[in-house]
Amino acid sequence: MESKESMALLQGQAEIWQHLYGVVDSMALKCAVELRIADIIHSHGGPITLRQIALGIDSPSPHIPYLARIMRLLVRKNIFTEHRHPPDGGETLYGLTQTSRWLLRDAELSLVPMVLMRYHPWQLAPLHYLSHCVKEGGTGFKKAHGCEIWDFASKNPEYNNIVNDAMACTTKIVMAAILDEYKDGLGCVGSLVDVGGGTGGMIAEIVNAYPHIKGINLDLPHVVAIAPERPGVSHVGGDMFDVIPNADAIFMKWVLHNWSDEHCMKILKNCRNAIPKKGGKVIIVDVVLEKESTDLFGETPMALDLCMMAYTAGGKERTELEWKKLLEEAGFGGYKIFKIPTLTSIIEAYPD
Ligand SMILES: C[S@@+](CC[C@H](N)C(=O)[O-])C[C@H]1O[C@@H](n2cnc3c(N)ncnc32)[C@H](O)[C@@H]1O
Ligand SMILES: COc1cc(O)c(CC=C(C)C)c(O)c1C(=O)/C=C/c1ccc(O)cc1
């Protein structure tokens, strides 16, 4: 019989193998999105054969044995289902799961743009430099691409679009969660600035759900330059480190995690100056990091933290204690955390 120690060692070995080949799982997922496999199955209205999937692929001669091997792994990873119809010896049919429903391009709630960003070589390259970051400091982004992320984005419209689309696809997910768990939080707000709001999708969703709100979208000039007109929203091209337009409340989603504490302090002070001292608030949508998190999203927030380390100079995910310290040092009198059913929480900060 194996000793306890050698069993544990074997278990350890198996875990390293899983890490080694986990990257291949990710590439198979990327492959499924590029081939639009979820959309092909969905457009048939139910499970279909490999041949039917192949017919939907944008190629005159898709390689079916390769496709079968990709599907085998993705079934194992619970991204698609597989069953025989009829059960005794019929053809294998592949169907969608609750996981692949997030891989539908035109669905109201879709993570396709996030998949395309996450696995893009431009996004993967900085992660190869984590050990260099530890040894020398600096960002993996600059080591990989020769300049920081904001310069790269401002000079590279294709990159800008990939990242903006990825950010935008989280908008509807967060909006659904807000309507579920933070409905009253926006009820008595008359005007709202979305700071670093990208092309304005989030503030447009908010104004759509709360038509009494006057929405303002603040982002860098090159970002608002490509923002579409949105009813109830005015776009402002500017710099959040300079000045933030006045409003009853400020909204910031996935913004403070891009910046160091010193930079956040400056942004938060500008937020405080833009809202009423009594009744004003800053609504931050960001991760609240928990070391021993048992929630559904597991260790994803910690992985995101390493992405911020690789992509941004000083950006990071923060624990509740770090948020508290940051808000206090920026002069806020109090805060409250609302758990919403997403990767992020809402941190409401009050100026007095
Ligand atoms: C991670 S994205 C989040 C976008 C959006 N809030 C969302 O969640 O989809 C960060 C945003 O901050 C914007 N940003 C960066 N520096 C800025 C600055 N100095 N002033 C205003 N916006 C800025 C970027 O252009 C980008 O749209
Ligand atoms: C590369 O930047 C990012 C990568 C990410 O994976 C995330 C995580 C996002 C979610 C899970 C929704 C990021 O938040 C970022 C950024 O913060 C991106 C910043 C950015 C936005 C717009 C630009 O033109 C350039 C960079």
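Our subject is the structure that appears above.
What this report covers is the structure whose coordinates are included nearby. The shown structure was predicted, so the numbers you read here are calculated from the model rather than taken from an experiment.

1. Structural notes on the site of ligand 1
Stage number 1. With respect to spatial proximity, 16 residues lie near ligand 1, and among them Gly196, Asp219, Asp239, Met240 and Lys253 are the closest.
Stage number 2. Within the side chain of Asp239, a nitrogen or oxygen atom sits 2.9 Å from a nitrogen atom of ligand 1.
Stage number 3. Compared with its free state, where it exposes 590 Å², ligand 1 has 93% of that area covered by protein.
Stage number 4. In terms of residue class, the shell around ligand 1 is built from eight nonpolar, five polar and three charged.

2. Focus on the site of ligand 2
Stage number 1. Near ligand 2, the surroundings consist of 19 residues, among which Gln123, Asn160, Trp254, His257 and Asn258 are the closest.
Stage number 2. Taking His257, its side chain carries an N or O atom lying 3.1 Å from an oxygen atom of ligand 2.
Stage number 3. Elements represented by at least two residues in the shell around ligand 2 include exactly α5 (112–118), α9 (149–155), α10 (157–181) and α14 (300–311).
Stage number 4. Broken down by element, the residue count for the shell around ligand 2 peaks at six residues, all from α10.

3. Section: the environment of Phe251
Stage number 1. Along the chain, the position of Phe251 falls in strand β6 (residues 249–253).
Stage number 2. A sequence separation of 55 residues divides Phe251 from Gly196, and the C-alpha atoms of the two residues are 8.9 Å apart.
Stage number 3. Leaving out residues up to four positions away in the same chain, Phe251 has contacts with Ile178, Leu192, Val193, Asp194, Val195, Met202, Ile206, Ile283 and Val285.

4. So, the environment of Thr99
Stage number 1. With respect to the helices and strands, the residue Thr99 is situated in the loop between β2 (91–96) and α5.
Stage number 2. Its relative accessible area of 37% is what places Thr99 among the partly exposed residues.
Stage number 3. Taking the C-alpha atoms as reference, Thr99 lies 10.0 Å from Ala38; in sequence the two are 61 residues apart.
Stage number 4. Filtering out sequence-adjacent residues up to four positions away, Thr99 remains in contact with Asn78 and Ile79.

5. So, helix α11 (residues 201–209)
Stage number 1. Where α11 is concerned, the buried positions are Met202, Ile203, Ala204, Ile206 and Val207.
Stage number 2. Looking at the buried positions of α11, the neighbouring elements they touch are α10, β3 (191–195), β4 (214–219), β5 (233–237) and β6.

6. A few points about the layout of surface pockets
Stage number 1. One number sums up the size of the second largest pocket: a volume of about 260 Å³.
Stage number 2. Lining the second largest pocket are 15 residues, and of these Glu108, Asp165, Ala168, Cys169 and Lys172 sit closest to its centre.
Stage number 3. Secondary-structure elements contributing two or more residues to the lining of the second largest pocket are α10 and α11.
Stage number 4. Among the elements that make up the lining of the second largest pocket, the one with the highest residue count is α10 (five residues).
Stage number 5. Grouping the amino acids of the lining of the second largest pocket by side-chain chemistry returns five nonpolar, four polar and six charged.

7. Here we look at the nonpolar core
Stage number 1. Counting 30 residues, the largest nonpolar core has Met240, Ile244, Ile250, Met252, Leu268, Val282 and Ile284 as its most contacted members.
Stage number 2. Contributing elements (two or more residues each) for this core: β3, β4, β6, α13 (261–274), β7 (281–286), α15 (320–329) and β11 (345–350).
Stage number 3. Looking at this core element by element, the count peaks at six residues for α13.
Stage number 4. Setting aside its immediate chain neighbours within four residues, Met252 contacts Asp194, Val195, Ile267, Leu268, Cys271, Val282, Ile283, Ile284 and Val285.
Stage number 5. Judged by nonpolar contacts, the second largest core, of 25 residues, contains Leu29, Ile79, Phe80 and Tyr94.

8. Here's the deal with the pairing of strand β1 (residues 80–85)
Stage number 1. The pairing of β1 with β2 spans six bridges and is antiparallel. In the strand pairing of β2, Thr81 is matched with Gly95.
Stage number 2. Adjacent in sequence and paired antiparallel, β1 and β2 are bridged by five residues, among which Gly89 carries a positive phi angle near 90°.

9. Re the pairing of strand β10 (residues 334–339)
Stage number 1. Pairing geometry for β10 and β11, over six bridges, is antiparallel. Within β11, the residue paired with Ile337 across the bridge is Ile347.
Stage number 2. What sits between the antiparallel neighbours β10 and β11 is a turn of five residues.

10. Focus: the packing of aromatic side chains
Stage number 1. Using the criterion set out here, one finds 10 aromatic pairs in the structure.
Stage number 2. Both rings, one in Trp17 and one in Tyr21, keep their centres 6.1 Å apart while their planes meet at 15°; by these two values the pair is stacked. Taken together, the positions of Trp17 and Tyr21, both in helix α1 (residues 4–34) and four residues apart, correspond to about one turn of that helix.
Stage number 3. Pairing Tyr182 with Phe338 gives two aromatic rings, centres 5.0 Å apart and planes at 75°, and the pair type is edge-to-face. Of the two residues, Tyr182 sits in the loop between α10 and β3 while Phe338 sits in strand β10, which places them 156 residues apart along the sequence. Phe338 shares its class with Tyr182; the two are buried.
Stage number 4. Members of the aromatic cluster, connected to one another through ring pairs, are Trp122, Phe141, Phe152, Tyr159 and Tyr311.
Stage number 5. The ring of Phe332 carries Arg272 above its face, with NZ or CZ at 5.9 Å from the centroid.

Reading guide: rules and limits
Numbering of residues begins from 1 in every chain and follows the order in which that chain's sequence is written. For this description, chains carry letters from A and ligands carry numbers from 1, given in the order in which they are written. Given that the model is predicted, a residue must reach a pLDDT of at least 70 before its local features are reported, and side-chain atom pairs must reach 80 or more before they are shown or counted; all residues, however, enter totals for whole chains, interfaces and linings. Derived side-chain values reflect all non-hydrogen atoms in the structure, with water molecules and hydrogen atoms excluded from consideration. In this text, near means that some heavy atom of the residue lies within 4 Å of the molecule or strand in question. Polar contacts, as used here, are pairs of N or O atoms within 3.5 Å; protein pairs need one atom able to donate a hydrogen and one able to accept it. Residues neighboring in sequence count only if both atoms are side-chain atoms. In these tables, accessible area is a Shrake-Rupley quantity obtained with a 1.4 Å probe, and a residue counts as shielded only by the protein chains included in the view. Charged means Asp, Glu, Lys or Arg here, nonpolar means Ala, Val, Leu, Ile, Met, Phe, Trp, Tyr, Cys or Pro, and polar covers whatever is left, Gly included. Put simply, DSSP marks the helices as runs of H or I at least four residues long and the strands as runs of E at least two long, and each gets a number from the N terminus on. Residues are treated as being in contact if the distance between any of their heavy atoms lies within 4.5 Å. Buried means the residue's accessible area, taken with a 1.4 Å probe over protein chains only, is under 20% of the maximum for its type, while exposed means over 50%, and partly exposed covers the values in between. A cavity here means a set of points on a 1 Å grid, drawn over the protein atoms and nothing else, where a 1.4 Å probe fits but cannot get out; a pocket is an open set with protein on both sides within 12 Å along at least five of seven lines, and a residue lines either one if it has an atom within 4 Å of a point. Grid points are joined across faces, edges and corners, and a volume is the space filled by probe spheres set on the points. To qualify as a nonpolar core, a set must consist of buried Ala, Val, Leu, Ile, Met, Phe, Trp, Tyr and Cys residues joined through side-chain atoms within 4.5 Å. Strand pairing requires that DSSP identify at least two bridges connecting the strands. In this analysis, rings of Phe, Tyr and Trp, with Trp reduced to its six-membered ring, are considered paired at centre separations within 6.5 Å, and the interplanar angle assigns stacked below 30 degrees, edge-to-face beyond 60, and tilted for intermediate values. Definition used: whenever NZ (Lys) or CZ (Arg) falls within 6 Å of the ring centre and also within 35 degrees of the ring normal, the charge is taken to sit over that ring.

By themselves, these figures tell us nothing about what the structure is for.
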